[in-house]
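# Architecture at a glance
What follows is the residue order along each chain.
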Amino acid sequence: DLYCPPLYLNHLDDFTFDLSIAEAGWQVKVNDRDFCKLPEFKKKSFLCFKKSKYSGNAIKTYKYNVLTFLPLNLYEQFKRAANLYFLALLILQIIPQISTLPWYTTLVPLVLVLGITAVKDLIDDLARHRMDKEINNRKCEVLLGGRFQEAKWMDIQVGDVVRLKKNDFIPADILLLSSTEPNSLCYVETAELDGETNLKFKMGPKVTHERLQEESQLAAFDAMILCEEPNNRLDKFTGTMKWRREMYPLDLDNMLLRGCKLRNTEECRGLVIFAGADTKIMRNGGKTRFKRTKIDFLMNYMVYTIFVVLVLVCAGLAIGHSFWYQEIGSLAWYLYDGKSDTASYRGFLSFWGYIIVLNTMVPISLYVSVEVIRLGQSKFINWDLQMYYAEKDTPAKARTTTLNEQLGQIEYIFSDKTGTLTQNIMAFKKCTIGGRTYGNPMSADGVALERGKLADFSWNKYADRKFQFYDGHLISCICSKKDAEMMEFFKLLSLCHTVMVEQKDGELVYQAASPDEGALVTAARCFGFVFLSRTQDSITVSEMGTENTYEMLALLDFNSDRKRMSIILRFPDGRIRLYCKGADTVIYQRLNPSSKHKETTQHALDGFANETLRTLCLCYKDISAADYNSWAQKHKEASVAMSNREQALDSVYELIETNLMLIGATAIEDKLQDGVPETIAKLAKADIKIWVLTGDKKETAENIGYSCELLTDDMQIYYGEDVNEKLSGRMMRRRNEPDGGRNKKAKEPFFTGDGKNALIITGGWLNEILCEKKKKRRRLRLRRLGKRPRPTNPQDGQPADDWEKELRQKDFVDMACECSAVICCRVTPKQKANVVSLVKRYKNAVTLSIGDGANDVNMIKTADIGVGISGQEGMQAVMSSDYAFAQFRYLQRLLLVHGRWSYIRMCKFLRFFFYKNFAFTLVHFWYSFFNGYSAQVAYEDWFITLYNVLYSSLPVLLVGLLDQDVNDTLSLRFPKLYLPGQKGALFNYRNFFISLFHGIFTSLIIFFIPYGAFLQTMGQDGEAPSDYQSFAVVTASSLIMIVNLQISLDTSYWTFVNCFAVLGSIAIYFGVMFDIQSAGIHVLFPSAFTFTGVASNSLRQPYLWLTIILTVGISLLPVICIQFLCKTIWPTEGDKVQRHKKKYELEEEVKKKPPAFQRGGRSRRSAYAFSHSRGYADLIASGRSIRQKPRARPELRDSIREAPQAENI
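Residues numbered from 1 in each chain as written. Predicted model: local features only at pLDDT ≥ 70, side-chain atom pairs only at ≥ 80, totals over all residues. Heavy atoms only, no water.

## Quick look at unusual backbone geometry
Stated precisely, the cut-off is as follows: We count a stretch as a helix when DSSP gives it H or I for four or more residues in a row; a strand needs E for two or more, and each element gets its number in order from the N terminus.
One non-glycine residue, Asp393, adopts positive backbone phi at about 55°. For Asp393, the location among the structural elements is in the loop between helix H11 (366–382) and strand S16 (397–398). A positive phi angle, close to 65°, is found at Ala935, a residue other than glycine. Examined against the element boundaries, Ala935 turns out to sit in the loop between helix H28 (890–928) and helix H29 (941–951).

Right, dumping it as structure tokens:
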């Protein structure tokens, strides 16, 4: 009998098994809760206390409880430097000797900031408490005392057997034992785990399916499970089950993970392997890398700068007080305070006093205001209907609120191709069978048609109504059943796959691991070869109406290293045949020399590539019974290997996939998404460089580059060998220089011509150029064998040391950045991330990565901004991203509109925030020259308390939320408006010092004009309002009016809300001032409110109103003049657009030219999508673990230069 039975080891020696138990990382005894409590499984938790290493199933995601909320939250908040600084100030204000301001002037803003943050944290944590309680109290059936009983999730323990019903959530990481479905198949939805809504398939081991269907059988089940320790690998599980002196391998396809939901399965039974905090979903709950914007770093450095300036100013004033006291204060009898302190000590106390007085230079409310603005900007992105994709009901989503202004500074975009630039919706378009190409519009007689006519599939009751094909001749050939190769071609498509099928409303529904595979099986179905069903060891298909069942002997699944998949079948007549499909680069290497149609198929592949179609070669091989038996024994041994199982299987697969006979090739279309060429053109005008990083082959990527207009016909294209030659030449010239080029600072361009250049480079060349570790290890191995000399020879193109390697990487980045377009193909997820990190490191540029699949996650996390597209490849990219939407074309609006607005708003907010605090605080500095540097304040205490909280916060906050220089239409029409953000032109140290000097100028005006007016003054009642309190009211009133009118001058986009905020802030100031300076409140709190009647007395003097008006006018007039001159003489691009805004809004949009796509030219062959995840072969193969770990094939050429017929492996 040639059938390979389920794989296990018989008669395992008990001693050997006991030894393996001792060495195993994780052991589970079925139906034995006491096993987990044994002393050897205890671990130290706190001091001498120990607890079991097996977690309970209750989860805890909240951070606080009733007792810990206040201390823990305050501890977390005071870890921020700004909060700690103000707490220190508050403590200083309590010390009587140095206190110059009442404690509440610091306490009120600090409590407000801490309170807002604490309330936000409390709301978030209460939501976590509710969620935890709801999840922990869910019900589940657990096998206790020989029968199933209802229990809460929190009471489930490792080793329990549980029973789940349809639509139940999986309570823990469970080994599937059996289900009500045939072959213990189980359907699960993994939306909470990875965001994907399509059903996944799991299957219990064959032995448990056959022996564990009844409750009594499950109660008697006493197996021991040995497996890996709990980890966060969602794509891997390795274990072994020992039961009745036999061992059975376990893998991920046998596991139901917590977070999944049971679908389309009435009932299943499983064994709890990992519970609670040990489950994979909880292990993946760790924080991702915290990303911060350039403005964040700049803002922090500026706050440090302000603090240094504050300390220096306070030190200078303290020295001034020491000299003043020694020369004047100690000699004036009327200044004697009854203390005998020395001048130096008094200067020391004055220093701390001024730290308190001038503390508002470091703005406490800055960080809270910034977070409010970012939150608002994120909401605007979420609410943007022009980024809403109605077809899939998918709005744009800002998944983080901390990076919005960085969207306005992007210099490099790294994009995936499949599913990001293209739709990743595959359609079978053409094929070549036996050297003849099909798919062009033809009649049933084979006559070419000018206009395509849809082929008639009414003869096939299983045909997919959505399937479109225009070659009627292919249909007639199939219906005639005369062409054996054609029949074999579609039979292969219907048999060689890992698609799962289910019946829905009387229709066949296919679930495929990749869109490519689904398209091929659907095509076979429409052409009369219908995949009907499969079991663990058979496949049933309908071949032109005749139903046949084939015994499946082995399924050799796809992975990104093999780039192919195979199936070994036994036909009803006893023949054994291997069917294989894969990339032409790997199939052609494995063809039998006598195989036919190689040249014609190669020519057809080139033609398909010119049409940007993705290709796949099909072949077969007949195997004798003896050869299969010999191979099956090796396959069995590899399948039960306890270590390196995947590598062993990979080697076994290589043995059978040889001497193949070519049948033909398929061509699948993956269309560009709508608006991709226009989006790329717009972003290019904004001086944003776009790099495409894809796992597809070179020809496919290059062809898509042309169709999306990233590449144009006037570009000079350089490939990997050209790049390597240029870099090696640069390195050799550098070595020949006297100092090795180490002191050379001037950069020489790599491309001297005026034309545009582009790079297209494969992953193999990328490794060679960047001298990655894999290549380095290979060179070291060759050196040990004596086959390769050390790279001391200047002719050797490899770096001699780490410095040269780093320089070579920098040269590559410089060369790539000189190009208009860069395409990296055949790259792994790790290489994608490496390319992004290289540009970040050597260009110090703001980068954005955009992708839609799991293979893009690394790249998305590495870039400064990660964007996920919710497409056909699941939701892993979206779940790892900072921003998400449904179509690539929305990227232009995200960057050119929301990103630019966010950057402008944040910069304007920060400039003005620093200005208003400098103008407010430095009045104390000028006042110190007239009060003996005694740390006396220039304002009333309550004004100091409420200035940043109430009087000046709202207008600048609204500018940070709502301001825009031009509307969204003009922002998209003039991409050049984006350039200032890339250069960081709107907020930098230059702008900071301009704000500082503007604040110094304003504070001078605010202090000295009222001071001059108060020198010789006479009021209407004959009294001179020249007292300190009246002076404080006049300066404060002038400041509030100047600050609010100044923000009015800087506002570009006026709304009712802005107008209300400006006028309202001034009105609130006067209203509050008259209240707190009234006699009534002084009677209630005489020590806290000392400015009794000052406002009503001083502000009824017309002279003082004239003083305020003069102060405001002199302060604002220079600003108005400078703004007028700048916009007239040195207008920015934004000023020019604003000047003609109405004209532009009335003009019609310039018509887009049709995309120029050159067909023919050079041969650009496309390929199968090798970036998708592996198929369901392991699941189908009934416990036979045949997954492979990607590895380098030994027979591939050592040289990175590829032969034309096997280009870019």
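On we go.
## Notes on the sheet that holds strand S13 (residues 255–256)
Using the following cut-off: Any two strands between which DSSP finds at least two bridges are classified as paired.
Here we have six strands laid out as an open sheet, ordered S5-S4-S6-S15-S7-S13, and antiparallel in their pairing. Of all the strands in the sheet, the pair left with one neighbour each is strand S5 (147–152) and S13. The sheet contact formed by strand S7 (residues 173–179) and strand S15 (residues 267–274) spans six bridges and is antiparallel. Following the sheet pairing, Ile174 is matched in S15 by Val272.

## Details of H11
This is how the line gets drawn: By this rule, a helix spans an expected 1.5 Å times one less than how many residues it contains. Summary of the burial criterion: residues with accessible area below 20% of their type's maximum are buried, those above 50% are exposed, and those between are partly exposed, where the area comes from a 1.4 Å probe applied to protein chains only. In this description, contact between two residues means that some pair of their heavy atoms is separated by no more than 4.5 Å.
With 17 residues, H11 should cover 24 Å at 1.5 Å per step; its first-to-last C-alpha distance of 25 Å lies within 8% of that length. All buried positions along H11 are accounted for by Leu366, Val368, Ser369, Val370, Ile373, Arg374, Gly376, Gln377, Ser378, Ile381 and Asn382. At its buried positions, H11 is contacted by helix H4 (104–136), helix H9 (294–329), S16, strand S35 (883–885), H28 and helix H30 (953–962).

## Considering the pairing of strand S9 (residues 199–203)
Taken residue by residue, a regular strand's side chains alternate between the two faces of the sheet. Along S9, five of the five residues are buried, which leaves the element largely enclosed by surrounding structure. Looking at chain direction, strand S8 (residues 185–189) and S9 are connected through five bridges and run antiparallel. Bridge pairing in S9 links Val188 to Lys200.

## Regarding the packing of aromatic side chains
Going by this rule: Only centres within 6.5 Å qualify two rings of Phe, Tyr or Trp (six-membered ring in Trp) as a pair; their planes then separate them into stacked at under 30 degrees, edge-to-face at over 60, and tilted for everything else. Only when the NZ atom of a Lys or the CZ atom of an Arg is both within 6 Å of the ring centre and within 35 degrees of the ring normal do we say a charge sits over the ring.
Here the structure, examined in full by the defined rule, presents 68 aromatic pairs. Ring geometry for Phe237 versus Phe274: centroids 6.2 Å apart, planes at 75°, classification edge-to-face. Here the residue Phe237 occupies a position in the loop between strand S10 (224–227) and strand S11 (238–243), and Phe274 occupies one in strand S15, the gap between them amounting to 37 residues. Overall, the relative accessible area of 1% leaves Phe237 in the buried class. Seen in terms of ring centroids, Trp926 and Phe1008 are 6.2 Å apart; in terms of plane orientation they differ by 55°. Their pairing is tilted. In this pair, Trp926 is assigned in helix H28 and Phe1008 in helix H33 (residues 989–1015), connecting sequence segments 82 residues apart. Its end group placed over the ring of Trp153, Arg138 keeps NZ or CZ at 5.1 Å from the ring centre. One cation-aromatic arrangement involves Arg730 over Phe750; the distance from NZ or CZ to the ring centre is 3.9 Å.

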